[in-house]
Amino acid sequence: MNQDVYKDCFLQQLDQINTGYNLSNYNQFNIFRVMFKLHDEKYLHSRLISFLLDPNGSHGQGTKFLTLFLEVIGVSNYSLEEVTVNPNERSRGEIHNIDILINNKCKQAIIIENKVFAKDQTKPDEKDPYLKYQLPRYYHKLVIEPTNDKHEVVSMIYLTINGKDPEGYEHFRPEVKRLLNKKDHLSDIAKWLDMCLNSLLEDSDLKRSIEHYKQARFEFLNDVKLALELKKTTLKNYEYAKVFWQAEYKDIDVKYHRIKDQFIHLKWHTVYEFYAKLKEVIEVTFGAKVGDIDKEQITKLTHGSKNRVITVLVFEVDNIPYYVCNDANGFSIGRNVKEKSSTDFKLLFQKNRYEYFDFSEDTVFELIKPEKRDELVGGIVDELKGIHKHSM
């Protein structure tokens, strides 16, 4: 197949994506886009869902939205007597770090774990290795651990984009497995929001707010799907795709400008997936406590015009703080100690430095390929082994 055929094939696929995602309707005014970070699982998505589920919420709808939610998730054996939902407008803290916990007078509990980007929080447990997994840990906190306040967990909702299994599912005990209820944002929560809207007959601020949230989350979650589809198309037509994404706008047909704008999402996911993989390998290799990935910094890096944004991953080994940094010098690693020696800091990869994840550079663009991402992660972890060895 010659180069022109590859080019035509790639552009046809872009045409199909452009039409399928109706990109011409993107970026209309939306109050949630103005006021929040749309990737914020905790303070936007979990809090908004929790607010609507709370019968005591200021929405004034009582148990209406909760009843519709129970219908969507397929839970029928749940009493609506004296229901409390945490977090809520009066008490904003989570209970046992559970994203959303629904309780009632009968001490029936429904656990909702909301995962958009974040991985499950595995935490080694010396007493019981099984409790390193997030959902079993929650079950233990509510059912096994209490002496006077035990609950009956009716369902454990694992809410993701694609209905995937939680981490370590194959190791879950039967009593937890049978409670697992996998749901996804794009179908189940979308259906529930539609049902909530249809139940509100009169136009109101509440109805308009739900409509705005529905549209904002649709665009945001579609951006995730769009990025994954663009990645798949790019890998399938790699050489021409690289030419297209790296080209100046003036050098491509104007009808492809809008979809070229979406390359920011592909860049975002490439950088995020790199740091997620690096975090995972560091945790496994060193048994380390690794800090959260700063999604906002990745957004600034990949969505800005200058792209001169420092990104850092921090972790601890044997109570010594370490970091991996990407900036104007490319990648560097080091220890955060007061008095640094020459072995406490090191610049990496002087030939291909990856400074600021500049996707106009072929070595950075190659990180779209999982094998190249994993190769870079492996190189950094090997260097970290060396610097840690000198500290012992």
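To keep things clear, this report deals only with the structure shown in the data block. Small disclaimer: the values here were computed from a predicted structure and weren't measured.

## A look at the overall build of the protein
Stage number 1. Looking only at helices and strands, the protein features 14 helices and 10 strands.
Stage number 2. Its C-alpha radius of gyration of 24 Å places the protein within 12% of the 21 Å reference for a compact globule of 392 residues.
Stage number 3. With the C-alpha coordinates of the protein rotated into their principal frame, the extents come out at 65 × 60 × 40 Å.
Stage number 4. Looking at the 392 residues of the protein, the share that counts as buried comes to 48%.

## Structural notes on the sheet that holds strand E4 (residues 152–160)
Sheet strands pair via backbone hydrogen bonds, and the direction of the pair is either parallel or antiparallel.
Stage number 1. Read across the sheet, 5 strands follow the order E1-E2-E3-E4-E5 without closing on themselves; strand pairing throughout is mixed. The open sheet terminates on both sides in strands that have one partner only, identified here as strand E1 (84–86) and strand E5 (180–184). Strand after strand, the sheet turns through a mean of 20 degrees between neighbouring axes, direction not considered.
Stage number 2. When E1 meets strand E2 (residues 100–103), the two strands line up antiparallel, connected through 3 bridges.

## Focus: the packing of aromatic side chains
Stage number 1. As enumerated under the stated definition, the model contains 23 aromatic pairs in all.
Stage number 2. On the basis of an interplanar angle of 15 degrees and a centroid distance of 5.1 Å, the ring pair of Trp268 and Tyr272 is categorised as stacked. Linking Trp268 with Tyr272, this pair stays in helix H11 (residues 263–286), spanning 4 residues, or about one helical turn.
Stage number 3. Of the residues examined, Tyr272 reaches a relative accessible area of 9% and is grouped as buried.
Stage number 4. Between Phe331 and Phe349, the ring centres sit 6.4 Å apart and the planes meet at 85 degrees, which makes this aromatic pair edge-to-face.

## Some details on helix H3 (residues 41–53)
Stage number 1. The axis of H3 is deflected most strongly, by about 30 degrees, at Arg47.
Stage number 2. The element H3 is extensively covered by neighbouring structure, given that 10 of its 13 residues are classed as buried.
Stage number 3. Those residues of H3 that sit buried are Glu41, Leu44, His45, Ser46, Arg47, Leu48, Ile49, Ser50, Leu52 and Leu53.

## Observations regarding the pattern of salt bridges
Stage number 1. Tallying each qualifying case throughout the model produces 19 salt bridges.
Stage number 2. Note that Lys141 is salt-bridged to Glu145, the shortest N-O span being 3.5 Å.
Stage number 3. Taking the relative accessible area as the measure of exposure, Glu145 reaches 44% and is therefore partly exposed.
Stage number 4. Bridged by salt links that share partners, the residues Asp203, Asp205 and Arg208 form one connected network.

## Some points on the packing of H3 against helix H8 (residues 205–236)
Stage number 1. Interhelical geometry of H3 versus H8 gives an angle of 145 degrees and a closest axis separation of 12 Å. Here H3 runs over H8; the crossing is left-handed. Mapping the contact onto sequence places Leu44, His45, Leu48, Ile49, Phe51 and Leu52 in H3 and Leu206, Ile210, Tyr213, Arg217 and Phe220 in H8.
Stage number 2. Across the contact of H3 with H8, the residue classes tally to 9 nonpolar, 1 polar and 1 charged.

## Considerations on empty space enclosed by the protein
Stage number 1. For the structure shown, the criterion picks out 1 cavity of 30 Å³ or more.
Stage number 2. Computed from the structure, the largest cavity encloses a volume of approximately 60 Å³.
Stage number 3. Every residue lining the largest cavity is listed: Ile49, Phe69, Val72, Ile73, Ile112, Ile157, Leu159, Lys183, Asp188, Ile189 and Trp192.
Stage number 4. Looking at the lining of the largest cavity, the elements that each hand over two or more residues are helix H4 (64–73), E4 and helix H7 (185–199).
Stage number 5. Partitioned by chemical class, the residues of the lining of the largest cavity number 9 nonpolar, no polar and 2 charged.

## Remarks on the packing of H8 against H11
Stage number 1. Where H8 contacts H11, the axes come no closer than 8 Å and their chain directions differ by 85 degrees. With respect to H11, the element H8 is oriented roughly perpendicular. Between H8, through Asp223, Val224, Leu226, Ala227, Leu228, Leu230, Lys231 and Thr234, and H11, the contact on the second element is made entirely by His265, Leu266, His269 and Glu273.
Stage number 2. In terms of residue class, the contact of H8 with H11 is built from 6 nonpolar, 3 polar and 3 charged.

## A word on the sheet that holds strand E9 (residues 330–335)
Stage number 1. Read across the open sheet, the 5 strands follow the order E6-E7-E8-E9-E10; overall the sheet is antiparallel. Of all the strands in the sheet, the pair left with one neighbour each is strand E6 (289–290) and strand E10 (345–347).
Stage number 2. Of the strand pairs in this sheet, strand E7 (residues 311–317) and strand E8 (residues 320–327) are connected by 7 bridges, and their pairing is antiparallel. What sits directly across from Val312, in E8, is Cys325.
Stage number 3. Here H11 sits on the sheet in contact with E6, E7, E8 and E9, set at roughly 10 degrees to E7.

## Comments concerning a nonpolar patch on the surface
Stage number 1. On the surface, a cluster of nonpolar side chains totalling about 530 Å² of accessible area is made up of Phe29, Ile31, Val34, Met35 and Phe36.
Stage number 2. Note on placement: Val34 falls in helix H2 (residues 31–35).
Stage number 3. You can call Val34 exposed: its relative accessible area is 54%.

## Some words on the side chain of Asn326
Stage number 1. By the element assignment, Asn326 lies in strand E8.
Stage number 2. At a separation of 2.9 Å, a polar atom in the side chain of Asn326 contacts the main-chain amide nitrogen of Tyr356.
Stage number 3. The contact partners of Asn326, leaving out residues within four places of it in the chain, are Tyr275, Val309, Ile310, Thr311, Phe331, Arg353, Tyr354, Glu355, Tyr356 and Phe357.

## Topic: the pairing of E5
Side-chain positions along a regular strand alternate between the two faces of the sheet.
Stage number 1. Summarising burial for E5: 4 of the 5 residues are buried, a large majority.
Stage number 2. The pairing of E4 with E5 spans 5 bridges and is parallel. Looking at E5, one finds that Met156 is bridged to Leu180.

Cut-offs and rules
- Residues numbered from 1 in each chain as written.
- Predicted model: local features only at pLDDT ≥ 70, side-chain atom pairs only at ≥ 80, totals over all residues.
- Heavy atoms only, no water.
- Helix = DSSP H or I, 4+ residues; strand = E, 2+ residues; numbered from the N terminus.
- Rg over C-alpha atoms; globule rule 2.2 N^0.38 Å.
- Buried < 20%, exposed > 50% of the residue type's maximum accessible area, 1.4 Å probe, protein only.
- Pairing = 2+ DSSP bridges.
- Axes fitted to C-alpha atoms, helices over the stretch in contact; angles between N-to-C directions.
- Phe/Tyr/Trp six-rings, centres within 6.5 Å; stacked < 30°, edge-to-face > 60°.
- Bend = angle between axes of the 7 residues up to and from the residue.
- Salt bridge = Lys/Arg side-chain N within 4 Å of Asp/Glu carboxyl O.
- Left-handed = near helix turned anticlockwise from the far one by under 90°.
- Contact = heavy atoms within 4.5 Å.
- Nonpolar A, V, L, I, M, F, W, Y, C, P; charged D, E, K, R; others polar.
- 1 Å grid on protein atoms, 1.4 Å probe; cavity = no way out; pocket = protein on both sides within 12 Å on 5 of 7 lines; lining within 4 Å.
- Points joined across faces, edges and corners; volume = space filled by probe spheres on them.
- Parallel < 35°, antiparallel > 145°, perpendicular 65-115°, else oblique.
- Patch = residues over 30% accessible without salt bridge, like charges linked within 9 Å, V, L, I, M, F, W, Y side chains within 5 Å.
- Areas by Shrake-Rupley, 256 points an atom, 1.4 Å probe, with all protein chains shown as cover.
- Polar contact = N/O pair within 3.5 Å; in protein donor to acceptor, adjacent residues only side chain to side chain.

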